[in-house]
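Spelled out, the chains give:
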Amino acid sequence: MTKDAKPLIRVEDLCKQFHELTVLKHITEEIREGEVVSIIGPSGGGKSTFLRCLNLLEQPTSGKVFFQGVEITDQKIDVDRHRQKMGMVFQHFNVFPHLTVLQNITLAPTLERGLSKAQAEEEALVLLERVGLSDKRDEYPRKLSGGQKQRLAIVRALAMKPDVMLFDEPTSALDPEMVKDVLKVIQDLALSGMTIVNVTHEMGFARELSDRVLFMDGGIIAEQGTPQEIFGNPQNPRTIDFLSKVL
Amino acid sequence: MLLVEQMIKIWTKYSTVFLSGLAGTLWISAVTVFFGTLLGVLLALLPLSKIKGFHALYKGYIGLLRGTPILLQLYFFWIWLPKALPIELTNTQCVIVALVVNSSAYVAEVIRAGIQAVDYGQTEAAKSLGLSNKNMMIYIIMPQAVKNILPALGNEFINMIKQTSLASVFFVSELTTSFKTVQSTTFLAIPPLVISGVIYLVVITLLSKLVNTFEGRLRACD
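In short, a report on the structure. Within any chain, residue numbers begin from 1 and follow the written order of that chain's sequence. The naming scheme follows written order: chains are lettered A onward, ligands numbered 1 onward. Totals for whole chains, interfaces and linings use every residue, but because this is a predicted model, local features are given only for residues with pLDDT of at least 70 and side-chain atom pairs only at 80 or more, for both listing and counting. Values shown for side chains rest on all heavy atoms present in the structure; no hydrogens or waters enter the calculation.

## Quick word on helix H5 (residues 120–128) of chain B
The buried label applies to any residue whose accessible area, calculated with a 1.4 Å probe on protein chains only, is under 20% of its type's maximum; exposed applies above 50%, and partly exposed to all values in between. A helix here means a DSSP run of H or I that spans at least four residues, while a strand means a run of E at least two residues long, and both kinds are numbered starting from the N terminus. Summarising burial for H5(B): eight of the nine residues are buried, a large majority. Its buried side turned inward, H5(B) meets helix H1 (47–54), helix H2 (79–83), strand S6 (86–89) and helix H5 (146–158) of chain A together with helix H6 (133–163) of chain B. Backbone geometry just downstream of H5(B) places Gly130(B) in the positive-phi region, at approximately 85°. Contacts between residues were defined by any pair of non-hydrogen atoms, one from each residue, lying within 4.5 Å.

## Quick look at a nonpolar patch on the surface
Residue and element names in this part refer to chain B. Each patch is built from residues that are more than 30% exposed by relative accessible area and take part in no salt bridge. Like charges join if they lie within 9 Å; nonpolar side chains (Val, Leu, Ile, Met, Phe, Trp, Tyr) join within 5 Å. All accessible areas in this document rest on Shrake-Rupley with a 1.4 Å probe, and a residue is counted as covered only by the protein chains that are shown. Basic side-chain nitrogens of Lys or Arg form a salt bridge, by our definition, when they fall within 4 Å of a carboxyl oxygen of Asp or Glu. Together, Met1, Leu3, Val4, Ile8, Ile190 and Leu193 make up a nonpolar patch on the protein surface, roughly 590 Å² of accessible area in all. Elements supplying a minimum of two residues to the nonpolar patch: helix H1 (2–45) and helix H8 (190–220). Of the residues forming the nonpolar patch, the biggest block, three residues, is contributed by H1. Within the secondary structure, Val4 sits in helix H1. Judged by relative accessible area, which is 39%, Val4 ranks as partly exposed.

## A word on the sheet that holds S6(A)
All names here are of chain A. Judged by pairing direction, the sheet is mixed, and its six strands sit side by side in the order S6-S7-S8-S3-S9-S10 without closing on themselves. The two strands at the open ends of the sheet, each matched to only one other strand, are S6 and strand S10 (220–225). If you compare each strand with its neighbour and ignore which way they point, the axes differ by 20° on average. For two strands to be treated as a pair, DSSP must find at least two bridges joining them. Note: strand S9 (residues 212–217) against S10, five bridges, orientation antiparallel. Paired with Phe215 across the bridge in S10 is Glu223. A fitted line through C-alpha atoms serves as each axis, taken over the contacting stretch for helices, and the angle formed by two N-to-C directions is quoted from 0 to 180°. Strands in contact with helix H9 (residues 237–246) are strand S3 (36–40), S9 and S10; relative to S9, the strand with the most contacts, it is inclined by about 95°.

## A word on the pattern of salt bridges
Scanning all chains against the criterion turns up 21 salt bridges over all chains. The partner of Lys76(A) in a salt bridge is Asp74(A), with the nearest N and O atoms 4.0 Å apart. Asp80(A) serves as the salt-bridge partner of Lys127(B), at 3.6 Å between the closest nitrogen and oxygen. With Lys127(B) in helix H5 and Asp80(A) in helix H2, this pair bridges two chains. Connected via shared salt-bridge partners are Glu29(A), Glu30(A), Arg32(A), Glu35(A) and Arg212(A).

## Quick look at the pairing of strand S1 (residues 7–18) of chain A
All names here are of chain A. Inspection of the sheet shows S1 paired to strand S2 (residues 21–32) by eight bridges, in the antiparallel sense. Bridging from a neighbouring strand, Lys16 pairs with Leu24 of S2. The turn joining S1 and S2, which pair antiparallel and follow one another in sequence, is formed by two residues; a positive phi near 50° is taken by His19. Both S1 and strand S4 (residues 62–67) contribute to a ladder of five bridges, which runs antiparallel. Note on S4: the bridge partner recorded for Glu12 is Lys64.

This is the structure:
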């Protein structure tokens, strides 16, 4: 990642309210191409809501979100098309239980990328090989472990050939022995140059892998910097307090 | 033993009355199930729409039909429909319309609840992959909702069959009316009542079995 890389996602004065509760307060931020950004912070600090506003799974109350220079918060624009380029992985996997592993991956590419079934399957098999799930291609998700489901969810998103991957606490719902496999996949992805925004509680992972760490608390980005700055020499008292509790 | 003797006597003499009554019940049930389901499915689409007015319309329709007694609704259609339409209507037609309208509300609710019971994470996953709303409904939500809907719908069908007995209030030819007919000819109440009851029981038990088998098969391929 170079410092002068183009911004891929830009957020301007983003606010999100749920009824009386203000979750995000006037956030302005950029994610640059090829950047790996980790978002850390206490629960209820707005991390997940911020991430979900990036692909408009949450509709911001006010403010603008730009993706590849296009304002996707514009009501007139077809947001589905832009979402295809923003892969997302959820804490609870959300794999499709009624489809086989292979169908989970090929569904969106055949419907929305116009691939033939054969092409989509060919691509899917390459992806499955990459995450070590080739032998599970015809299984239904109920036969998979949590870690396998999450790896499936990752390649399902990758099959749309996204320009950015959004991870919403991808390992929080996993048994400890499964965490490593999933982190390995995300790490490989980061090393391959994918732009990644990762909401995480895995501090070691954030520290090793990120180009930049955002600390969110109380609906704002309270502090940000390189992993060395945030973990080695935090400035904000809230960051210091948080890190002292989790490290 | 007197009851059994009387039942046998009545059955030998009036079996055609009961059987034609059964035919009426089955016919009315089939029509109600078919059109009630069709109308119910269409209604269930209303709350999925982005148009706010449709939600209110749906809520009003469901609230009204589930909040008033079905017998009252039958009377309403029986009195109002012939006045409202320029064509001649038989009692049977009025009653069927009422049954269809009533059951459509229950079917719509079964479908709506079945769709709503699909984990919201599925919607989010589909959206995040960039699926259009239409594709999401067809390929992700409905296939999962169907497994919630079908068993409940089976029970709804059984309810519909039992409710057709209300048509006897308007002397529409069906199984409960058969009981009334035989009672007024023979001046015996209990034996024809039991005969009608047994026929209902056999039909509904068979259908329940069918619904259960179907339900089991759905669960097997889950």
